[in-house]
Amino acid sequence: MGNLEFYLAGIGVVLAISIYASKLSVKFGVPLLLVFLGIGMLLGSDGILGIEFDNPALAQSIGTIALLFILYDGGLSTVYKDIRPVLTDGILLATFGVLITAIAVACCVYLLFDTTFLEALLLGSIVSSTDAAAVFAILRAKDLALKNNIGHLLELESGSNDPMAIFLTLTVLQLISLATADNLSYAELIWRFVLQFLLGGVLGYLFGIAFPQVCKRLRIGQPGLYSLFSVAWLLFIFGITSKAGGNGFLCIYLAGILTNREHFPYKQNIVSFHDAIAWMMQIIVFLTLGLLVFPSQLLSVAIPALILACFLMFVARPLSVFATLAKSRYNTQEKMFISWVGLRGAVPIVLATYPYLEGLSSSNHIFNMVFFMVLVSVFVQGISLPYAASKLQIIDEDKVQGDSNNPLLPYKSKGDDTNSTS
C-alpha cells in the first residue's frame, strides 16, 4: 500500500502525457498509434524508466479486451446508410482482401527466408489486417474529404477485417501444432470458418437489434447506468458468441452498427461513453505493446522486416485491393489510394503474441518482425496520406467540412443527438 499512491500517480502522469501527445498527430501528422507505441518503448526496459515487462500472455489479454471496446465503438460510430453503398466492396476487402494479403506475404517470406511455409503463412496472417484509426485521425486533422465514398469504405474495411485476420492466425497456429499433415481435416477447418462467421453475423444482427429494445424497457432512474449496462451487454454478447463457436469480434462490430440505427433512451450518453473508453483502451494497449518490445532486439530483424514491410506496402496490399475491387466503380487512382491506406496497427502486434502461448521457438523473432513492420507502415504510409490523397486527386473540395457523417472529417457528434427517454 505504501507504493500504491506512487503507482497511481505514475499511471495518471503517463495517461496525461499520452493524451497531450495526441497534439503531435494534429501538428506534425504523426499517427497516434506511433506516438503511444513510442511512449511505451521509452518507458520500457530499454527506455528511460527501464520498466521491465515481459509477459506476452498478459499483453494478449489486455489487447483482446481493448479490441472489444475499440471494435464496438467503431460499430457505434458507423452510420449504416453511409456504408450501404460500399457494403459489397468493404466485405470483399475484409475477407478475400485479407486472405490475398496473407498468402502474398507468406510466399515472399517462404521464398526469401529459411522457414517452413506454415510459419511463413503465420507471419502473413498476423500482418494481413489494416487499422485505419490513425488514418482517420490524420485526415480529420487535415480537414480532408474523399471522393466516391472512399472514406466510408476504409471505415468499413478497418472495422470488419480484424475477425478474418484473427481466424487465419489461430487456424495456422493450430495447423503448426498438429504433429503431421495426415491429421489435418480440411473439411473441419472449412466448417469452422463458415460457423464462426455465420454465427458471428447472425448473433451480431440479433444482439444489435435487441439492445435498443432492452434499453427502452429498462427504465433505470440513473442515466449513467445505461452506459454501464452497455458494457455488461458488450461483454456478454462477446462471451456467449465465442463460446457458441462464433466470431465474437465480428458479432460486436455488427451489433454496434445495428445499435446505432435505432433511437433509444440516452443513446448519445452511451455513444459518447464508448468513444471515451475506446480512446483509453487504445492508449492502454499501445503503451502495453510498447513496453513488451525490446527496442535493442529490433536491430537484428531490421533488414528482413524492412524488406517485408516494403513488399506489403507496394505489392501485397495493392494486389489484394486491385483483385478484390476489379469490378468495382473505383478508378485506378482511387484503388491506388485505397492500397496506400493499408496501415498495420494494434491487431497485428496483439496477434504476434499468440505464438508465445503456443510455445513456438520462433515466437520472439516473429513478434519483433511484426512490430518493426508496423512501425514502418505507420510512419511511412501514415505521414504521407494527405500528400497521396492530393497527388492522386481524390479530394472532394465540394464537400462541406465538418460533416459528422463523414468519418474522415473533424468529429462533431456520433449517433443520435437526443438523450430523451421517449
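Higher on the page you've got the structure.
Rules of the game
Residue numbers run consecutively from 1 along every chain, following the written order of its sequence. The predicted origin of the model limits local features to residues at a pLDDT of at least 70 and limits the giving and counting of side-chain atom pairs to 80 or more, whereas totals for whole chains, interfaces and linings rest on all residues. By convention in this description, side-chain values take in all heavy atoms of the structure and omit both hydrogens and water. Helix axes are fitted only over the stretch in contact, all axes being lines through C-alpha atoms; the angle between N-to-C directions runs from 0 to 180 degrees. Starting at the N terminus, helices and strands are each numbered in turn, a helix being any DSSP run of H or I of at least four residues and a strand any DSSP run of E of at least two. To sort the angles, those under 35 degrees are grouped as roughly parallel, those over 145 as roughly antiparallel, those from 65 to 115 as roughly perpendicular, and the leftovers as oblique. Take the far helix as your reference; a near helix turned counterclockwise from it by less than a right angle gives a left-handed crossing, and one turned clockwise gives a right-handed crossing. Any pair of residues with heavy atoms lying within 4.5 Å of one another is described as a contacting pair. All residues other than Ala, Val, Leu, Ile, Met, Phe, Trp, Tyr, Cys, Pro, Asp, Glu, Lys and Arg, Gly among them, are scored as polar; the first ten of these are nonpolar and the last four charged. Exposure categories follow from relative accessible area, calculated using a 1.4 Å probe and restricted to protein chains: below 20% of the type maximum is buried, above 50% is exposed, and the middle band is partly exposed. Charge assignment: positive for Lys and Arg, negative for Asp and Glu; neither His nor the chain ends contribute. By salt bridge we mean one thing: a side-chain nitrogen of Lys or Arg within 4 Å of a carboxyl oxygen of Asp or Glu. Any pair of N or O atoms that falls within 3.5 Å is considered a polar contact. Within protein, one atom must be able to donate a hydrogen and the other to accept it, and sequence-neighbouring residues count only if both atoms are side-chain atoms. Only centres within 6.5 Å qualify two rings of Phe, Tyr or Trp (six-membered ring in Trp) as a pair; their planes then separate them into stacked at under 30 degrees, edge-to-face at over 60, and tilted for everything else.

Participant: Just checking my understanding: could you explain the packing of helix α6 (residues 87–112) against helix α16 (residues 302–324) for this structure?
Facilitator: With their axes 9 Å apart at the nearest point, α6 and α16 run at an angle of 140° to one another. Considered as vectors, α6 and α16 are oriented oblique to each other. As α6 runs across α16, the sense of the crossing is right-handed. Across the interface between the two elements, L92, L93, F96, G97, I100, T101, A104, V105, C108, V109 and L112 of α6 pack against I307, L308, F311, L312, A316, L319, S320, V321, A323 and T324 of α16. Split into classes, the residues belonging to the contact of α6 with α16 amount to 17 nonpolar, 4 polar and no charged.

Participant: Would you mind showing me how to read the side chain of R344 here?
Facilitator: Note on placement: R344 falls in the loop between α17 (332–340) and α18 (346–351). E157 provides the closest opposite charge to the buried, unpaired R344, separated from it by 6.6 Å. Reaching out from R344, the side chain makes a polar contact with the backbone oxygen of S129 at a distance of 3.3 Å. Engagement of the side chain of R344 in a polar contact is seen with the backbone oxygen of G342, the distance being 2.8 Å.

Participant: Help me understand the packing of aromatic side chains in this model?
Facilitator: To describe a pair of aromatic rings, you give the distance between the ring centres and the angle between the ring planes. Evaluation of the coordinates by the stated rule reveals 16 aromatic pairs. Each ring, one from F207 and one from F236, has its centre 6.2 Å from the other, and the planes form 80°; the classification is edge-to-face. Taken together, the positions of F207 in helix α11 (residues 186–218) and F236 in helix α12 (residues 224–243) put the pair 29 residues apart, joining distant regions of the chain. Assessed through its relative accessible area of 15%, F207 is described here as buried. Overall, F236 belongs to the partly exposed group, its relative accessible area being 44%. Between F229 and W233, the ring centres sit 6.1 Å apart and the planes meet at 40°, which makes this aromatic pair tilted. With F229 and W233 both in helix α12 and 4 residues apart, the pair spans about one turn of that helix. On the basis of relative accessible area, W233 is assigned to the buried category, the value being 13%. In textbook terms, an aromatic cluster arises when at least three aromatic residues are bridged by ring pairs, as seen for F207, F211, F229, W233, F236 and F264.

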